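These are the residues of each chain, in order.
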Amino acid sequence: AAKEDGRRRARRFNRSMLMVLEQRETLRRSLRTALKEGQFFIEYQPLVQPPFSIVGFEALLRWRHPVMGIIPPGLFIPMAETDGLMSDIGQWALEQSCREAMTWPPHFTVAVNLSPAEFLHAGLTDRIAQTLDLVGIRADRLELEITESVLLERTINNLDTLNTLKMLGVQISLDDFGTYYSSLSYLKNFPFDTIKIDQYFIKDLEVDNKSQTIVRSIIALAHGLGMSVTAEGVETAEQAAWLNKKACDRLQGYFLSKPMPAGRIGAFLRKFTLPVPFGNFPIPKPM
Ligand code: C2E
Ligand code: MG
Ligand code: MG
Ligand code: MG
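We now turn to the structure provided with this report. (Residues numbered from 1 in each chain as written. Chains lettered and ligands numbered in written order. Predicted model: local features only at pLDDT ≥ 70, side-chain atom pairs only at ≥ 80, totals over all residues. Heavy atoms only, no water.)

Regarding the overall build of the protein
- Regarding its fold elements, the protein presents eleven helices and ten strands.
- Residue pairs at least 24 apart in sequence account for 69% of intrachain contacts in the protein once pairs closer than 6 positions are excluded.
- Looking at the protein as shown, the accessible area adds up to about 14600 Å², and 55% of this sits on carbon and sulfur atoms. (Helix = DSSP H or I, 4+ residues; strand = E, 2+ residues; numbered from the N terminus. Contact = heavy atoms within 4.5 Å. Areas by Shrake-Rupley, 256 points an atom, 1.4 Å probe, with all protein chains shown as cover.)

This is the structure in structure tokens:
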């Protein structure tokens, strides 16, 4: 009977797996026309420099599927990558973010993520230069975020690419630092302006001594190398206060704001001028 039960469970499991797979295939098929149909849009999440001044926004891509609703990038970007669509989608995201950034206060930066396929694309640096030109945005207002996974391949070309981008005047951030391999040779060899500490180390900062030690060390490491540090995924006032005390340069996370559509930025900026330093928030436990 137990065996029979197990078999039934297995059958049910397979059926739901199949549904998931079918949905993925449906999604994959509609991804091919999503760009043409104008189904992408960008949400922006503020980057804040203590005490409470906004210095820019990270651009986060969204896909509004006509039937399935809003699909997160974690789901469709890997599909776009394997189907060879990410280069065009990424170019759209870059141009759209730069255009929208032109409507913000002129010292605000815009951070755009580059997937591995986009970064390794032979025409990347020309494209970036052309986009800056076309949109008329100052190069130092654009930050490009790449993850370490991008750097695992083709190291010499990667260094060339990064140096060319630096020569254009754009800023480079190392995203999700601390996950993947976190090889310190990347920090020695590549010209990053900023290290973004992955939210994995931020989410339990109040309760985990190890996370505190790691975050403190990454901040010291970055500063020692002349790089700035952004903490991602800051969700509580306590985390913000602690990071501020440890001289973290910029914070990003739900505590400050979730990503928002471009149309909401104006109202957000008007209301978000409270000069409340993070350090004034109560810190319940000694950290
Ligand atoms: P990422 O670049 O590390 O972006 C940060 C992610 O953390 C975003 O997820 C953001 O919404 C989320 N986040 C921000 N604050 C908090 C917080 O306080 N708590 C939690 N739990 N999460 C927070 P999202 O928007 O789903 O994006 C996921 C990833 O997709 C991004 O990670 C980035 O790697 C990629 N991505 C997004 N837009 C683009 C794009 O235009 N091009 C490329 N190539 N990749 C993109
Ligand atoms: Mg990012
Ligand atoms: Mg990140
Ligand atoms: Mg990430």
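Focus on the coordination of the magnesium ion (ligand 3)
- Listed as protein donors to the magnesium ion (ligand 3) are Asp175 (OD), Asp176 (OD), Glu232 (OE) and Glu232 (OE); their distances from the metal cover 2.0 to 2.3 Å.
- Motif for the magnesium ion (ligand 3), donor spacing along one chain: D-D-x55-E.
- Between the magnesium ion (ligand 3) and the magnesium ion (ligand 2), a separation of 4.0 Å is found, and both are coordinated by aspartate 175. Here aspartate 176 is found in strand β6 (residues 171-177), whereas its partner glutamate 232 is found in the loop between β8 (228-231) and α10 (237-245), with 56 residues between them in sequence. (Donors = N, O, S within 2.8 Å, 3.2 Å for Na, K, Ca; no water.)

What about the coordination of the magnesium ion (ligand 2)?
- Around the magnesium ion (ligand 2), the donor atoms from the protein are Glu58 (OE), Asn113 (OD1), Glu145 (OE) and Asp175 (OD), and they sit 1.9 to 2.3 Å away.
- The sequence motif formed by the donor residues of the magnesium ion (ligand 2) is E-x54-N-x31-E-x29-D.
- On the basis of relative accessibility, which here comes to 6%, the residue aspartate 175 falls in the buried class. (Buried < 20%, exposed > 50% of the residue type's maximum accessible area, 1.4 Å probe, protein only.)

Describing the site of ligand 1
- Taken together, 24 residues lie near ligand 1, and Arg62, Glu118, Asp175, Glu235 and Tyr254 sit nearest.
- The side chain of aspartate 176 places a nitrogen or oxygen atom 3.0 Å from an oxygen atom of ligand 1.
- Protein chains bury 81% of the 810 Å² of accessible surface belonging to ligand 1 in isolation.
- Of all the elements, strand β2 (residues 53-65) adds the most residues to the shell around ligand 1, at four residues. (Near = heavy atom within 4 Å. Polar contact = N/O pair within 3.5 Å; in protein donor to acceptor, adjacent residues only side chain to side chain.)

Overview of unusual backbone geometry
- Notably, aspartate 176 is not glycine yet its phi reads approximately 55°, a positive angle.
- In the Ramachandran plot, alanine 247 falls in the positive-phi region, its phi being about 65° despite a non-glycine side chain.
- Looking at where alanine 247 falls in the secondary structure, it is placed in the loop between α10 and β9 (250-251).
- We classify alanine 247 as partly exposed; its relative accessible area is 42%.

Notes on a nonpolar patch on the surface
- On the surface, a nonpolar cluster with roughly 370 Å² of combined accessible area is contributed by Leu152, Tyr180 and Tyr181.
- Note on placement: tyrosine 181 falls in the loop between β6 and α8 (184-189). (Patch = residues over 30% accessible without salt bridge, like charges linked within 9 Å, V, L, I, M, F, W, Y side chains within 5 Å. Salt bridge = Lys/Arg side-chain N within 4 Å of Asp/Glu carboxyl O.)

Concerning the pattern of salt bridges
- A full pass over the atoms with the stated rule returns eleven salt bridges.
- The shortest N-O distance in the salt bridge between glutamate 58 and lysine 196 comes to 2.9 Å. Residue glutamate 58 is found in strand β2, and its partner lysine 196 is found in strand β7 (residues 194-197); the two are separated by 138 residues along the sequence.
- By relative accessible area, glutamate 58 is classed as buried at 3%.

Digging into the packing of helix α3 (residues 86-101) against helix α5 (residues 124-135)
- Relative orientation of the contacting elements α3 and α5 amounts to 35°, with a least axis distance of 10 Å. Seen from above, α3 lies across α5 with right-handed handedness. Contact with α3, carried on its side by Ser87, Asp88, Gln91, Leu94, Glu95, Cys98 and Arg99, involves Arg127, Ile128, Thr131, Leu134 and Val135 of α5 and no other residues of that element.
- When the residues that make up the contact of α3 with α5 are grouped by side-chain class, the tally is five nonpolar, three polar and four charged. (Axes fitted to C-alpha atoms, helices over the stretch in contact; angles between N-to-C directions. Left-handed = near helix turned anticlockwise from the far one by under 90°. Nonpolar A, V, L, I, M, F, W, Y, C, P; charged D, E, K, R; others polar.)

As far as function goes, none of this settles anything; it's purely spatial.
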